[in-house]
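Read off the chains here:
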Amino acid sequence: MKAKWVIFAVLAAFFVLVMHSGYGVVNTREIDIVRNKPVLDSRDLQIIDNFVNEAVRELVVKTKDFTSIAQTRSIILARSSSRKSAQAQYAEQFSESAHKYISSGFEQARQLTPEDRRFKVILNLLILIDGLQDVRLADLGLRLLKDQNTVIRYWAVHSVTSPGFTKQLNSPGGGNLQLARRIVEQLKGLVEPAGRMVGPEMLALVAEFAAEVGIPQGEDLLLQIADMRIKRYADWTVDYELLDAAILRLLYKKIYSGAVNKPAVARRFGQLYSYAIQRYVKGRNFLNAAQKHQLASVLVETEKSCIGKLLTVPQSIIKRAVERDDYTRLLLEHSKLLGDETRAGRLALKLNFDYGKNPDGTGRTAPLTLPEPPPK
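Residue positions within a chain follow its written sequence, with the count starting from 1. The model is predicted, so local features are restricted to residues of pLDDT at least 70 and side-chain atom pairs to those at 80 or more, both for listing and for counting; the totals for chains, interfaces and linings are taken over all residues. Side-chain measures here rest on the full set of heavy atoms in the structure, leaving out hydrogens and waters.

**A short note on the overall build of the protein chain**
Short version of the rule: Each helix is a run of DSSP H or I of at least 4 residues and each strand a run of E of at least 2, with the numbering of both proceeding from the N terminus. Exposure is judged per residue with a 1.4 Å probe applied to protein chains only, and the accessible area is read against the type maximum: over 50% gives exposed, under 20% gives buried, and values in between give partly exposed. For the area figures, the Shrake-Rupley method with a 1.4 Å probe applies, and any residue is considered shielded solely by the protein chains shown. Just so you know, the count uses Lys and Arg for positive and Asp and Glu for negative, and it drops His and the chain ends. A charge is said to be at NZ when it belongs to Lys, at CZ for Arg, at CG for Asp and at CD for Glu.
When helices and strands are tallied, the protein chain shows 18 helices and 0 strands. Along the longest, intermediate and shortest principal axes, the C-alpha atoms of the protein chain span 75 × 45 × 35 Å. In the protein chain, which comprises 376 residues, the proportion classed as buried is 51%. Just so you have it, the protein chain exposes about 18000 Å², and 54% of that area is on carbon and sulfur atoms. In the protein chain, which carries 53 positive and 40 negative side-chain charges, the distance between the mean positions of the two groups comes to 2 Å.

**Here we look at empty space enclosed by the protein**
Quick note on the threshold: Whether a set of points on the 1 Å grid over the protein atoms alone is a cavity depends on a 1.4 Å probe fitting there but being unable to get out, while an open set qualifies as a pocket with protein on both sides within 12 Å along at least five of seven lines; lining residues are those with an atom within 4 Å of a point. Grid points are joined across faces, edges and corners, and a volume is the space filled by probe spheres set on the points.
For the structure shown, the criterion picks out 1 cavity of 30 Å³ or more. The computed volume of the largest cavity comes to approximately 30 Å³. Considering the residues around the largest cavity, the lining is formed by Ile129, Gln133, Asp134, Leu137, Ala138, Gly141, Ser159, Val160 and Phe165. For the lining of the largest cavity, the secondary structure elements donating two or more residues are helix H7 (138–142) and helix H8 (150–161).

**Re helix H6 (residues 115–132)**
As a reminder of what qualifies: The span you would expect from a helix comes to 1.5 Å times its residue count less one.
Compared with an ideal rise of 1.5 Å per residue, which puts 18 residues at 26 Å, H6 spans 26 Å between its outermost C-alpha atoms and is within 8% of the ideal. Within two residues after H6, Gln133 carries a phi angle of roughly 50°, on the positive side.

**Digging into the confidence of the model for the protein chain**
Heads up, the rule is: Each residue gets a pLDDT score, which is the predictor's confidence in that residue and runs from 0 to 100. Contacts between residues were defined by any pair of non-hydrogen atoms, one from each residue, lying within 4.5 Å.
When pLDDT is averaged along the protein chain, the result is 91, and 92% of the positions lie at 70 or above. Counting contacts from residues 12–24, a segment whose pLDDT is below 50, to residues more than four positions away or on other chains yields 18 contacts.

**Describing the layout of surface pockets**
The computed volume of the largest pocket comes to approximately 270 Å³. No other element matches the 5 residues that helix H5 (residues 87–110) contributes to the lining of the largest pocket.

**Points about the nonpolar core**
Rule in force here: Among buried residues, the Ala, Val, Leu, Ile, Met, Phe, Trp, Tyr and Cys ones that are joined through side-chain atoms within 4.5 Å form a nonpolar core.
With 118 residues, the main nonpolar core has Ile102, Ile183 and Phe269 as its most contacted residues. Per element, the largest residue contribution to this core is 11 residues, and it comes from helix H14 (residues 262–282). Not counting the four nearest positions on each side in its chain, Ile102 is found in contact with Val56, Leu125, Leu128, Ile129, Leu132, Leu137 and Leu140.

**Considerations on helix H12 (residues 216–234)**
Compared with an ideal rise of 1.5 Å per residue, which puts 19 residues at 27 Å, H12 spans 27 Å between its outermost C-alpha atoms and is within 8% of the ideal. Following H12 by one or two positions, Trp236 adopts a phi angle in the positive range, close to 60°.

**Examining unusual backbone geometry**
Across the junction of Thr113 and Pro114, the peptide omega takes the value 0°, indicating a cis bond. Mapped onto the elements, Pro114 comes out in the loop between H5 and H6. The phi angle at Gln133 is positive, at roughly 50°, despite the residue not being glycine. One can find Gln133 in the loop between H6 and H7. Overall, Gln133 belongs to the partly exposed group, its relative accessible area being 29%. Residues other than glycine seldom take positive phi values, yet Trp236 does so here, at roughly 60°. Within the secondary structure, Trp236 sits in the loop between H12 and helix H13 (243–257).

**Some points on the packing of H8 against helix H11 (residues 200–212)**
What describes two packed helices is the angle between their axes and the distance between those same axes. Applied cut-off: What counts as an axis is a line fitted to C-alpha atoms, over the stretch in contact for a helix, and the angles between N-to-C directions run from 0 to 180 degrees. Should an angle fall under 35 degrees it is called roughly parallel, over 145 degrees roughly antiparallel, and 65 to 115 degrees roughly perpendicular, with every other angle called oblique. It is the rotation of the near helix from the far one that decides the hand of a crossing: anticlockwise by less than a right angle makes it left-handed, clockwise makes it right-handed. Gly falls in the polar group here, along with every residue not listed as nonpolar (Ala, Val, Leu, Ile, Met, Phe, Trp, Tyr, Cys, Pro) or charged (Asp, Glu, Lys, Arg).
With their axes 10 Å apart at the nearest point, H8 and H11 run at an angle of 15° to one another. Considering their axes alone, H8 and H11 lie roughly parallel with respect to each other. For the pair H8 and H11, the crossing hand works out as left-handed. Here Thr150, Arg153, Tyr154, Val157, His158, Val160 and Thr161 of H8 lie close against H11, whose contacting residues are Glu201, Met202, Leu205, Val206 and Phe209. Counted by class, the contact of H8 with H11 contains 7 nonpolar, 3 polar and 2 charged residues.

**Focus on the packing of aromatic side chains**
Selection criterion: When the centres of two rings from Phe, Tyr and Trp lie within 6.5 Å, Trp using its six-membered ring, the rings pair. Their planes under 30 degrees apart give stacked, over 60 give edge-to-face, and anything left gives tilted. A ring has a charge above it when a Lys NZ or an Arg CZ is no more than 6 Å from the ring centre and no more than 35 degrees off the ring normal.
Tallied over the entire structure, the rule returns 9 aromatic pairs. Judged by centre distance (6.5 Å) and plane angle (25°), the rings of Tyr233 and Tyr275 are stacked. Linking Tyr233 in helix H12 with Tyr275 in helix H14, this pair joins segments that are 42 residues apart in sequence. When sorted by exposure, Tyr233 lands in the same class as Tyr275, which is buried. Centroid distance Trp236 to Phe286: 5.3 Å. Interplanar angle 80°. Geometry classified as edge-to-face. Residue Trp236 is located in the loop between H12 and H13, and its partner Phe286 is located in the loop between H14 and helix H15 (289–311); the two are separated by 50 residues in the primary sequence. Trp236 gets classed as buried once you look at its relative accessible area, which sits at 10%. A cation over a ring is seen here: Arg284 above Tyr327, with NZ or CZ 4.7 Å from the ring centre.

Structure (structure tokens):
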């Protein structure tokens, strides 16, 4: 989890800097006049282009001065749109200029030394892209999804998965379906079966995006994430179990809102929840206190927020079993809810799914059994 704290430290530092007051480092007089004009001419468009050029150059050249950088980002973001009747003209030119000069900024950054300065410039440009939430800048973030630096990867992922960005992709008539598919495919490659390049924080962003983006491929990506987590439970390498409360919630939302392949989504929900329960029981003498606490939260929150709603009957049996350390009662409820070798569980009967096929072709009623924990 070291990378998590690195990311949070970077976030905190930049938010503090954004709050810093002081004199702006980019001249805004002309751009502010243009923002308030009802119609733009060629000179106005050139002013927009000049402003973006100057502001991005400030980010690249003055990277050592973090206060100025934060101010410059704020100035750019505050002037990225216009509320006047010329807003379409303004937005089009601003977007075109942003792509041109941020692209150039990345090229300049790659030539910078030392490495620490190169990292800071690239990071600042990514944070700027993230703030602009312009789908036309998506390709700039996608190029850095597999960067070797964890913080750079995080912001690259964030820049193409934020709720505002996803909303634009889903906008009717926006013509962004092809871009949405491209982003999903890139994220699939990042997650990949082993998921070596994506930690829990990035995985949470990708999962949320996969559940919300309005194309069938998004559902496939969510299932891929669930499969990766299921595999990690199976080999006892799963980390940050609390993430699975979010993944289970997203699977539930897909089931509830009409998944493309509802049985497949429900199967992952059942198997992932089963493994979380089994890990809690079988790992009681293996897991540390933090892991047990996280698993307990996953079990109780999922019962409250998902199970009761899927079955249309509120329940708290798992919650009481966890509170009383009643592992026998927990396993009995697991069988009733999720199924065993003798019968299908209530959830499977309600949602009409199984856990795969037996050798004779019949549906398997029991989720996979979690292996015993490895020797310490």
